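Breakdown of the fold
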Amino acid sequence: MNESSTALPHHGLLSLEQKMHWRIAWISTVDHKRLGILYMITGLVFFVAGGLEALFIRLQLAIPNNHLVSPDTFNQLFTLHGTTMLFLVAMPVLFGLANYFIPLQIGARDMAFPRLNAFGFWLVPFGGILLHFSLLAGGAPAVGWFAYTPLSERPFSSQLGVDYWALSLLVLGIGSVSTGFNIIATVLCMRGPGMTLRRIPLFTWINFINAFIVILAIPVLNAALVMLLIDRRLDAHFFLPQQGGSAIIYQHIFWAFGHPEVYILALPAFGIISEVVPVFSRKPIFGYEFVAGSSIAIGLLSFGVWAHHMFTVGMGRAADSFFAIASMLIAIPTGVKVLNWSATMVGGRIRLTTPMLFAIAFLIHFTCAGLTGVSHAMAALDWQTKNSYFLIAHFHFVAVGAIVFAIFAALHYWFPKMSGRMLSERLGRWEFWLMVIGFNLTFIIQHFLGLAGMPRRVFTYPDLPGWGWMNMVSTIGAFFMTAASLIFVYNLANSFFRGAPAGDNPWNAWTLEWATPSPPPHDNFDALPPIHSRRPLWDLANPGRPDPVVGPQGKADVANLEKNKTSVLAFILSEAGFFGVLILAFLYYNANPQPGPGPRDLNLSKTLIFSLCLFASSFTIWRSEVALHLEKHHAMKLWLALTILLGGIFLIGQGMEYWALFQSGVAVNSNLFATSFFTLTGFHGIHVGVGLIALLIVLAMALAGDFEKKKSTTLEAISLYWHFVDVVWLLVLTVVYLLPRLR
Amino acid sequence: MNTKQFLISGWTWNPMVIAAAVIALVVYWISFRDRSRIGYLVAAQTVFLLALVSPINALADGYLFSAHMLQHILLLLIVPVLVLLALPRDFALSEKVSWLANPLLGWLAGVGSMWLWHAPALCNAAVSSRPVYAAQTISLLALGSLFWWQVIAPREEDRLSPPAAIIYLFTACTACSVLGIILTFSPVTVCPIYMHVQDRLGLLETIRSDWGMTPERDQQIGGLLMWVPMCAIYLFAILAQLARWFSPSRTEEHAR
């Protein structure tokens, strides 16, 4: 490293004192900026893996009747490619950008929970290693990125690949959810003075909305994964039709996650474009309110339209029609956004820098992707093009043409802030044009391939008219994109050491991250500029004609919330999604009585006694809170201990119930009632156990006198969680024990 | 009876319903001096009569679960909104009943009425018994008004703040979607009375063969109505809250 040649302090890499213990300085960091960079580097590493997988796929398909890789290897390649690119590249990089820039944009020193942030990050490499470890453990998953049952069940995929796939996604999912509620808590609780919710930059706003989608959608996937794992490892049959399960239910649960997942990736991209386009058009964004509002509309709609992924399953004409109409509705808020960005450029002084070039390409690609997307909303057309290369072309226009291009725009836009140096514009142009040419070569032609009838997920194809040369064009395009990526990596590395110094605000941008040195110091800001509008740096530079003041409106707009309670509420929201799926699954699988054990074999009277203990514990923990409020510390400890005792009795009761069932020969795999019963009550039991551990920690804190020294919201936050666990049990009691007896 | 005959003769001229509509109009005229918003009340009456007099009502009365669901949506989500919009902008609840204006109560009213009336026993009873049916209609209107009061009460200070209202509406939307999902995918019949239709009008043949409405598809459409269009209504309300949030309020103008 040639540090002496420049005068830049390298806060981004290592500060002086950290040189002393450089081996752990990055590994043990809880700084949101470093974690952001670690996220992005991890994403880049897996981008190489996913990219190589894609290249092998394209090489295999370059000519007809090719035998470069075997059919089974090909299946593994596209499964790994899809999973890697979505969960290990796009999500980490976007989370990394959010991590780095949300605190800077709202004038905070760090995320709300720095250590949770580090935890969320380290689960990404761990999950990635789990996924790729399957290669060594006897075969990678070969079931596609959505792992449809029954193919992914043990009778059809007997190797361990699917288990590693599911475990890895579980690990990644837990990390994503923790990052999700960290972002929510950061935006709600950590905003600097004057930074009201209506003044936050669009990148932050859209990531904030996106975090809600993350915490609501990912637990749904987690539920599907644990059900799949229970099927595979414990011989249950949630999704095995031969034994009375339902493979369609897996599809519903998966796409109830899968469709929002598209927006989890697309919304941050929209946020990036909403920052880049105004800055390089020298105009404020056209219709901030509409960009902000349409994001909420997209988020809400995304949860109601998943069944359009299942038109070909045979849900019936009625369901198809409703979901076709609902899916078309999404075109409205996305169309609004495209118009906003275009209108921002109209009449602006456009600077065609590399980030802006990528943003413009994003706009064009995204519009094309939207057109093929909205046409897929028509069930009749969907039947013809589903599982053909037309669909591949559509979603790569979203995932690459839009999302990857937005990521490139973001990295070129913010690299100067992160490193203190400019990327080479000359190389940037090479990257851009190679990428645009390569991308369009690869994927435009695939629309025609699909319409000509080429199905997806075939390892080779016969030499039909046109197929050979079209596939060859597509493969050549992939190599153009590879070249672009290689130049990009070289540009990153080279500019990091030898780029021109960037200064605080090289693009003359207006949001707060540009008000601090590049790279930002550890605490981000020495002092914040006054914030009266959405462009504080514009106001600072143009005191004569500042932006109109965006007035605070009421308490909800200005006040920062308390972060412990906020994050626990967000956590509860996401847990509600998880239990919601399990409860709905129980209702579905037990709608009709089945042979073998049933709800009437459960001992209702004993369960009611233990339930009363649990419900009583909600009362005792409330008394404990009241005692703390009145500063009666002794009473508070007693009520807390009583709560733990009651929770413990409940767990023992549940254990006794399980034992009695096991004794009478009822096991997880006895029938669908037993499977869904043990899954639902078991996960509730785990949550009670986790709550008890949390309560024990609070008790230990109380015994150590922590609550006497300073005011703490720990007890309030944990008690919210405890009440939630009790409410879930009320639902479980009703659905599992009471409702079936009414019939 | 074919479709055309049904559309001509399938109107339920229920004197109670028409009387209720007329009385509401008269009460409004007498009570309020500022009648500039009477258009909303007329719209509310139109939807009210559409739900309870038009052929929708004849279908809901024992023939089609989906028609019953449409009626349900109109009475719970559309009529109360229009009625609240018709009130003069200085209208406030009197002290005695101000406890009704509680967000939790409002939320439970809106969501609870949906869940409660679709318990199989109550759902059947509402079709087979006139008094229960009347109770259902009245409760839907009343509980719907309680629900919407939190969002579109005439006076700004009686409403939830926009972010809170968005959470209020979003959670209500989710809770109703869950019921819609259950109805759509349920392998069993939720409201068995629609399985065994008493063919009073001689319409069953038309419904089953001309319209292609089997009992299973009927329940599916009912569930989908509750899931998709109902959520669209909530979504529209959420967007209205956003518009309210981003527009400078009167107090703010004043403060400037």
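The structure this text deals with has already been given above.
Residues numbered from 1 in each chain as written. Chains lettered and ligands numbered in written order. Predicted model: local features only at pLDDT ≥ 70, side-chain atom pairs only at ≥ 80, totals over all residues. Heavy atoms only, no water.

Looking only at helices and strands, chain A has 24 helices and zero strands in total. Against the compact-globule benchmark of 27 Å for 743 residues, chain A has a radius of gyration of 27 Å, which places it among compact chains. Expressed as lengths along the three principal axes of its C-alpha atoms, the size of chain A is roughly 75 × 70 × 50 Å. Here chain A, with 743 residues, has 62% of them falling under the buried criterion. Long-range contacts, defined as pairs at least 24 residues apart, comprise 82% of the intrachain contacts of chain A with a sequence gap of at least 6. (Helix = DSSP H or I, 4+ residues; strand = E, 2+ residues; numbered from the N terminus. Rg over C-alpha atoms; globule rule 2.2 N^0.38 Å. Buried < 20%, exposed > 50% of the residue type's maximum accessible area, 1.4 Å probe, protein only. Contact = heavy atoms within 4.5 Å.)

Let us now look at the interface of chain A and chain B. Listed per partner, the contact involves 34 residues of chain A and 28 residues of chain B. Around 2,700 Å² of area is buried between chain A and chain B when both sides are counted, 78% of it from carbon and sulfur atoms. If you look at where chain A meets chain B, you find zero salt bridges. In this structure, the connection of chain A to chain B is made through two residue pairs in polar contact (both at pLDDT 80 or more). Secondary-structure elements contributing two or more residues to the side of chain A that touches chain B are α7 (202-234), α9 (288-302), α10 (317-329), α18 (554-558) and α19 (563-589) of chain A. A per-element tally of the side of chain A that touches chain B places α9(A) first, with eight residues. (Buried area = accessible area lost by both parts, 1.4 Å probe. Salt bridge = Lys/Arg side-chain N within 4 Å of Asp/Glu carboxyl O. Polar contact = N/O pair within 3.5 Å; in protein donor to acceptor, adjacent residues only side chain to side chain.)

All names here are of chain A. Between α10 and helix α11 (residues 331-345), the shortest axis-to-axis distance is 5 Å and the interhelical angle comes to 15°. When the interaxial angle is binned, α10 and α11 end up roughly parallel. Residues Ser327, Met328 and Leu329 of α10 lie in contact with α11, whose contacting residues are Ala331, Ile332 and Pro333. Here the residues of the contact of α10 with α11 sort into five nonpolar, one polar and no charged. (Axes fitted to C-alpha atoms, helices over the stretch in contact; angles between N-to-C directions. Parallel < 35°, antiparallel > 145°, perpendicular 65-115°, else oblique. Nonpolar A, V, L, I, M, F, W, Y, C, P; charged D, E, K, R; others polar.)

This part is about the state of the cysteines. Residues and elements named next belong to chain B. As enumerated under the stated definition, the model contains two disulfides over all chains in all. Paired by a disulfide, Cys123 and Cys191 hold their sulfur atoms 2.1 Å apart. Looking down the S-S bond of the Cys123 and Cys191 bridge, the torsion is -105°, so its handedness is left-handed. Remark: Cys191 occurs in the loop between α9 (162-185) and α10 (204-210) and Cys123 occurs in helix α7 (residues 120-128); sequence separation between them is 68 residues. Note on accessibility: Cys123 and Cys191 belong to one class, buried. Here Cys173 engages in a disulfide with Cys231; their sulfurs sit 2.4 Å apart. Residues Cys173 and Cys231 share a disulfide whose torsion about the S-S bond is about 95°; that sign makes it right-handed. Taken as a pair, Cys173 in helix α9 and Cys231 in helix α11 (residues 215-246) lie far apart in primary sequence, 58 residues in all. For the pair shown, Cys173 and Cys231 are each scored as buried. Across chain B, the way the bonded cysteines pair up, counted in sequence order, is 1-3, 2-4. (Disulfide = S-S within 2.5 Å.)

Attention now moves to the environment of Asp163(A). All names here are of chain A. Its place among the elements puts Asp163 in helix α6 (residues 161-189). Judged by its relative accessible area of 5%, Asp163 is buried. In this structure, Asp163 is in contact with Leu229, Arg232 and Arg233, ignoring residues within four places of it in sequence.

Moving on: the nonpolar core. Counting residues in hydrophobic clusters, the biggest one holds 308 residues, and the most contacted among them are Leu97(A), Trp205(A), Phe362(A), Trp414(A), Phe677(A), Trp148(B) and Tyr234(B). Counting residues per element, this core draws most heavily on α7(A), which supplies 23 residues. Residues in contact with Trp414(A), not counting those within four places in the same chain, are Leu97(A), Phe101(A), Gln105(A), Phe203(A), Ile272(A), Glu275(A), Glu513(A) and Trp514(A). Counting residues in each nonpolar core, the second largest holds 15 residues, with Leu61(A), Phe78(A), Ile445(A) and Tyr461(A) among its members. (Core = buried A, V, L, I, M, F, W, Y, C linked by side-chain atoms within 4.5 Å.)

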